[in-house]
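Architecture and fold: a report
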Amino acid sequence: MGEQPIFSAKAHVFQIDPATKRNWLPASKHAVAVSFFYDASRSVYRIISVGGTKAIINSTITPNMTFTKTSQKFGQWADSRANTVYGLGFSTEQQLQQFAEQFKEVKEAARLAREKSQERFELGNTALNIAAPQELSEERSSPPLLTVNGPGEEKLFRSKSAEVELTVEKERVKKMLSEGSVCEINMEAEFFTLQDSNAKLVAALQEANSGVEQWKKQLAEYQEETDRLRDQVAELEAQLGHPAAGQARKEELSQSLEELKAELSAKDQEIHNLQSKKTDVNELQKEREEAVQRLQDVERRNTELEDQVQLAEKTLASSQQEQAQAETEVRRIMEALEVKISGLNELRRSLAELIDK
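Residues numbered from 1 in each chain as written. Predicted model: local features only at pLDDT ≥ 70, side-chain atom pairs only at ≥ 80, totals over all residues. Heavy atoms only, no water.

**Considering the packing of aromatic side chains**
Keep this limit in mind: Ring geometry is summarised as follows: Phe, Tyr and Trp rings, the Trp one being its six-membered ring, pair when their centres sit within 6.5 Å, and such pairs are stacked at plane angles under 30 degrees, edge-to-face over 60 and tilted between the two. A run of H or I in DSSP becomes a helix once it reaches four residues, and a run of E becomes a strand once it reaches two; helices and strands are each numbered from the N terminus. Only protein chains enter the accessibility calculation, which uses a 1.4 Å probe; a residue is then buried when its area is under 20% of its type maximum, exposed when over 50%, and partly exposed in between.
Inspection of the entire model under this criterion finds 13 aromatic pairs. Ring centres 5.9 Å apart and planes at 50° place the aromatic pair Trp77 and Phe103 in the tilted group. Here the residue Trp77 occupies a position in strand 7 (residues 74-79), and Phe103 occupies one in helix 1 (residues 93-125), the gap between them amounting to 26 residues. Assigned by exposure class, Trp77 and Phe103 land together as buried.

Structure, rendered in structure tokens:
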């Protein structure tokens, strides 16, 4: 049997930019099917998505993988074998939740399959084990603090206040970069969702605009027909009021008048329907303008985030330069102290020799 599908969902597919490792690159122009497959012969689970004739996702699930929800409609996971990070943008929060639960179940199944495989491997190799490997113990000590020893038990320890401050600054900058990256990912996912919505609104608006001209033409024709019918009604009413007309002619004209009134009422209803459709077109135009405004807001926020990230990178580079200067200064001071202490030791030995004499 080959691989069997076990779950599928529609989503926009993204991959992390290999150059920056921060920005998302769209792997599909529209929402595509993202499916879980299971290969019973190898006990392997995979996530596969195909765009056109090209596989845009081919990720084998391992117990070490984690699916992270970074927003209400966006999630991601890292694939070390493919050396990339995949991102999925869903249309609803419920679809994201279902995908995350399925990922968790498949991950647990992959872990159990690996454990069973390891158990079978260990049982098969038990008979081949001749002797247990000897445990080698190595004494590992942490690197000593930088000290300068004088005679006796006196020691001089290096101060680490500058290093602690630089470490705190690094952690602060890293946290800022991480928060900026998460916000940027969320903004890009919302940006592509708005683009998709805008494209749908534009298509609907174009279709509505193409029908507006036809509706206007039909409306003009119906109005002309209505005027003509009204003229006929007025003419018939005038004929009904003529004293020389006979009774049969009156009945015939009355029936024609009722038919014309019914036809006129139907035309008025059609005109009303066309006018209501025109109102729907105006609403679509308003929704499109709102979507364009939201797109512009998202682009502006994305630009602000990029400026913040660049400022954080400059701050980190400045901190690293200050750390290098501080380390150079500390080494210079330590060398001067070593020279001083060496001179003091020499003086102490001289005094000891004088005292002995």
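**Side note on the environment of Phe74**
Along the chain, the position of Phe74 falls in strand 7. Residue Phe74 is classed as buried on the basis of its relative accessible area of 1%. For the pair Phe74 and Phe90, spaced 16 residues apart in the sequence, the C-alpha separation amounts to 6.3 Å.

**Focus: a nonpolar patch on the surface**
Our working definition: Each patch is built from salt-bridge-free residues with over 30% relative accessible area, joining like charges within 9 Å and nonpolar side chains (Val, Leu, Ile, Met, Phe, Trp, Tyr) within 5 Å. Only the protein chains shown count as cover for residues, and all accessible areas are computed by the Shrake-Rupley method using a 1.4 Å probe. Salt bridges, as used here, are contacts in which a Lys or Arg side-chain nitrogen is within 4 Å of a carboxyl oxygen on Asp or Glu.
Together, Leu344, Leu347, Leu351 and Leu354 make up a nonpolar patch on the protein surface, roughly 410 Å² of accessible area in all. Among the structural elements, Leu347 can be located in helix 3 (residues 247-356). Accessibility expressed as a relative area gives 48% for Leu347, which makes it partly exposed.

**A short note on the pairing of strand 7**
Spelled out, the test is: Strand pairing is assigned whenever DSSP identifies at least 2 bridges connecting the two strands.
Counted residue by residue, strand 7 has 5 buried out of 6 residues, so it is predominantly covered. Taking the residues that link successive antiparallel strands as the turn, the strand 6 (residues 68-69)-strand 7 hairpin has 4 residues. One ladder, built from 6 bridges, connects strand 7 with strand 8 (residues 84-89); its direction is antiparallel. Counterpart to Asp79 in the pairing with strand 8 is Thr84. Where strand 7 hands over to strand 8, the hairpin turn is made up of 4 residues, of which Asn83 adopts a positive phi near 55°.

All we've got here are geometric facts, nothing functional implied.
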